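Working through the structure, step by step
Spelled out, the chains give:
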Amino acid sequence: MRILIHTSLRWLVACAGAVYGFILQTHAARLVLMALRLRHETPLPALLMAALFLLCLYGGWSSGRSVYSALLPASPTGIGAGLAATVAGLVVLELIAAFSIIAITAALQLAYDTGRHRVLAILLLVNAIALGMTGWQLSQVQAASLGSFILPLALAAALVALTIWFERAYLRPAYPGFRDFWADIVDARHFLNRAAHGE
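Below, the discussion takes up the overall build of the protein. A count of helices and strands for the protein gives seven helices and zero strands. Going from the N terminus to the C terminus, the protein shows its helices and strands as α-α-α-α-α-α-α. Out of the 199 residues in the protein, the part that is buried amounts to 27%. Look at the contacts in the protein between residues 6 or more apart in sequence, and 64% of them connect residues 24 or more apart.

Rendered as structure tokens:
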């Protein structure tokens, strides 16, 4: 009996380890790991990584809810609809996270090619567009539906915060938190490369 229990426990531990290893290889988990590793040295980029992960979660949850609502009439117990919604939500979560990491990689390459002054100009332009679009959308909706714009507002605020931090950290040598722009770009690219290989 003890041998059976011991064997079963080892099998469960091995399965749990395999599942945990698989989760660590997902793009969503890499976003979380990036946020955790950056939280001490550069807290604002870490917060933005966390916000990006929350955006991925929201996209997965919204997709899962839509699938569940569409399949529920054909699923008397709701189990089949729940399973399909879970799978769809996880797939969408992973796709958004993968796209986010690709976008981060492209942004780092753009920053490396253009330099910090042009990056700041691009950030200011993106800020103007994002704030303009958010303001226009808010003017077109009723008060009852303002809750649906919490996420866009939060993203616009995060973008403004990133721009302010970028200007202070890379364009003001007198700022106590002044950083080496090129060194940070190289380090970030190496970090993403290691993350892509599960390191």
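The discussion continues.
This brings us to the layout of surface pockets. For the largest pocket, the calculated volume is near 1,600 Å³. Elements supplying a minimum of two residues to the lining of the largest pocket: α2 (27-38), α3 (43-71), α4 (79-114), α5 (116-139), α6 (150-171) and α7 (181-196). The dominant element in the lining of the largest pocket, judged by the number of residues it contributes, is α6, at nine residues. Tallied by class, the residues present in the lining of the largest pocket amount to 35 nonpolar, four polar and five charged.

Before going further, it helps to examine a nonpolar patch on the surface. The grouping of L9, W11 and L12 at the surface amounts to a nonpolar patch, some 360 Å² of accessible area in total. Along the chain, L9 turns up in helix α1 (residues 2-24).

Its 24 residues give α5 an end-to-end C-alpha distance of 34 Å, which sits within 8% of 34 Å, the value for a rise of 1.5 Å per residue. Within α5, the full set of buried residues consists of V119, L120, L123, N127 and T134.

Now for the packing of aromatic side chains. Taken as a whole and judged by the stated rule, the model has seven aromatic pairs. Considering the side-chain rings of Y170 and F181, the 5.3 Å spacing of their centres and the 85° angle between planes classify their relative orientation as edge-to-face. A residue pair is termed long-range when its members are at least 10 positions apart, and Y170 in helix α6 and F181 in helix α7 qualify at eleven residues. The exposure classification of Y170 matches that of F181, with both residues buried. In this structure an aromatic cluster arises from ring pairing among Y112, W165, F166, Y170, F181 and W182.

Take α2 next. One full turn of an α-helix is made of 3.6 residues, so residues set three or four places apart face in the same direction. The terminal C-alpha atoms of α2 lie 17 Å apart, and with twelve residues this matches the ideal 16 Å at 1.5 Å per residue to within 8%. Buried within α2 are the following residues: A28, A29, R30, L31, M34 and A35.

Attention shifts here to the packing of α2 against α4. At a closest axis distance of 7 Å, the pairing of α2 and α4 adopts a crossing angle of 55°. Between α2 and α4, the interaxial angle falls into the category oblique. Seen from α2, the contacting residues are H27, A28, R30, L31 and M34; seen from α4, they are L93, E94, A97, A98, S100, I101 and I104. A per-class count over the contact of α2 with α4 returns eight nonpolar, two polar and two charged.

As for its placement among the helices and strands, T163 is situated in helix α6. Separated by 2.4 Å, the side chains of T163 and N127 make a polar contact. Polar contacts involving the side chain of T163 include one to the main-chain carbonyl oxygen of L159, which spans 2.9 Å. Not counting chain neighbours up to four residues away, the residues in contact with T163 comprise L120, L123, L124 and N127.

Cut-off values and rules
- Residues numbered from 1 in each chain as written.
- Predicted model: local features only at pLDDT ≥ 70, side-chain atom pairs only at ≥ 80, totals over all residues.
- Heavy atoms only, no water.
- Helix = DSSP H or I, 4+ residues; strand = E, 2+ residues; numbered from the N terminus.
- Buried < 20%, exposed > 50% of the residue type's maximum accessible area, 1.4 Å probe, protein only.
- Contact = heavy atoms within 4.5 Å.
- 1 Å grid on protein atoms, 1.4 Å probe; cavity = no way out; pocket = protein on both sides within 12 Å on 5 of 7 lines; lining within 4 Å.
- Points joined across faces, edges and corners; volume = space filled by probe spheres on them.
- Nonpolar A, V, L, I, M, F, W, Y, C, P; charged D, E, K, R; others polar.
- Patch = residues over 30% accessible without salt bridge, like charges linked within 9 Å, V, L, I, M, F, W, Y side chains within 5 Å.
- Areas by Shrake-Rupley, 256 points an atom, 1.4 Å probe, with all protein chains shown as cover.
- Salt bridge = Lys/Arg side-chain N within 4 Å of Asp/Glu carboxyl O.
- Expected span 1.5 Å × (residues − 1).
- Phe/Tyr/Trp six-rings, centres within 6.5 Å; stacked < 30°, edge-to-face > 60°.
- Axes fitted to C-alpha atoms, helices over the stretch in contact; angles between N-to-C directions.
- Parallel < 35°, antiparallel > 145°, perpendicular 65-115°, else oblique.
- Polar contact = N/O pair within 3.5 Å; in protein donor to acceptor, adjacent residues only side chain to side chain.

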